[in-house]
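# A look at the structure
Here are the chains, one letter per residue:
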Amino acid sequence: MRLRLPLVYHPGYSCAWPSTHRFPMWKFSDLHAYLQTQPSVLEASTWHTPDETPPHDWFEAVHEPEYYRSFLLGSLSAAETRRIGFNEETRRPELI
């Protein structure tokens, strides 16, 4: 029995983003579209699309809980938003 590579993608991983932004948000949808055209990938993989947003404790397991809550509330400091490169975009619903 040959194992299949599990691949995960959700359309919410990409959103409309300025093309000049230093983080190319569209790369996720572009990669997904490209992989869908590759027969060897399609033969050797299984796609999984998450149904819902993971529970908050999953995010807090890999991020500082206070930082994560501040991000959700759109209350990161100017220094924090500058450090992650999203500036005022942290308040955009598609990021949350």
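Everything numeric here is computed off the predicted structure, so don't read it as measured data.

By the element assignment, Val41 lies in helix H2 (residues 39-44). Look at Val41 and you get buried, because its relative accessible area is 19%. C-alpha separation for the pair Val41 and Leu5, spaced 36 residues apart in sequence, amounts to 8.5 Å. Beyond its immediate chain neighbours, meaning those up to four positions away, Val41 contacts Leu7 and Leu35.

Turning next to the packing of aromatic side chains. Each aromatic ring pair is described using two quantities: the centre-to-centre distance and the angle formed by the ring planes. All chains considered together, the criterion is met by 2 aromatic pairs. With centroids separated by 5.9 Å and ring planes inclined at 85 degrees, the aromatic side chains of Tyr9 and Tyr13 adopt a geometry described as edge-to-face. Classification of Tyr9 as buried rests on a relative accessible area of 11%. Measuring from centroid to centroid gives 5.2 Å for Phe59 and Tyr68, while their planes differ by 10 degrees, and the two rings are stacked. With a relative accessible area of 8%, Tyr68 lands in the buried category.

For the structure shown, the criterion picks out 1 salt bridge. Two residues, Arg69 and Glu60, come together in a salt bridge whose shortest N-O distance is 3.3 Å.

Further remarks concern the side chain of Ser70. Here Ser70 is to be found in helix H4 (residues 65-73). Residue classification places Ser70 among the buried positions, given a relative accessible area of 18%. With residues near it in sequence (within four places) discarded, Ser70 still touches Ser75 and Leu76.

The topology assignment puts Ser14 in the loop between strand S1 (5-8) and helix H1 (27-35). One polar contact links the side chain of Ser14 to the main-chain amide nitrogen of Ser29, over a distance of 3.0 Å. The contacts of Ser14, once residues within four sequence positions are left out, are Tyr9, Met25, Trp26, Phe28 and Ser29.

Within the span of H4, buried status applies to Tyr68, Ser70 and Phe71. One side of H4 carries all its buried residues, which in axial view fall inside an arc of 165 degrees. Opposite the packed face of H4, turned more than 90 degrees from it, sit the exposed residues Glu66 and Leu73. Next to the buried residues of H4 lie helix H3 (56-62). Remark: Gly74 follows H4 within two positions and exhibits a positive phi of approximately 70 degrees.

About the thresholds
For every chain, the first residue of the written sequence is number 1, and numbering continues from 1 along that sequence. Since the coordinates come from a predicted model, pLDDT governs what is reported: local features require at least 70, and pairs of side-chain atoms require 80 or more to be given and counted, while whole-chain, interface and lining totals use all residues. With hydrogens and water excluded, all non-hydrogen atoms of the structure serve as input to the side-chain values. Numbered from the N terminus, helices here are DSSP runs of H or I no shorter than four residues, and strands are runs of E no shorter than two. In this scheme, a residue with accessible area under 20% of its type's maximum is buried, one over 50% is exposed, and one in between is partly exposed, where area comes from a 1.4 Å probe on protein chains only. Should any heavy atoms of two residues lie within 4.5 Å, those residues are counted as being in contact. Pairs were defined over the aromatic rings of Phe, Tyr and Trp, the Trp ring being its six-membered one, requiring ring centres within 6.5 Å. Orientation was assigned from the angle between planes: stacked under 30 degrees, edge-to-face over 60, tilted for the rest. For this analysis, a salt bridge means a side-chain nitrogen from Lys or Arg found within 4 Å of a carboxyl oxygen belonging to Asp or Glu. Any pair of N or O atoms that falls within 3.5 Å is considered a polar contact. Within protein, one atom must be able to donate a hydrogen and the other to accept it, and sequence-neighbouring residues count only if both atoms are side-chain atoms. For this quantity, the arc is that covered by the directions from the helix axis to the C-beta atoms.

Any functional reading would require information that these geometric values do not contain.
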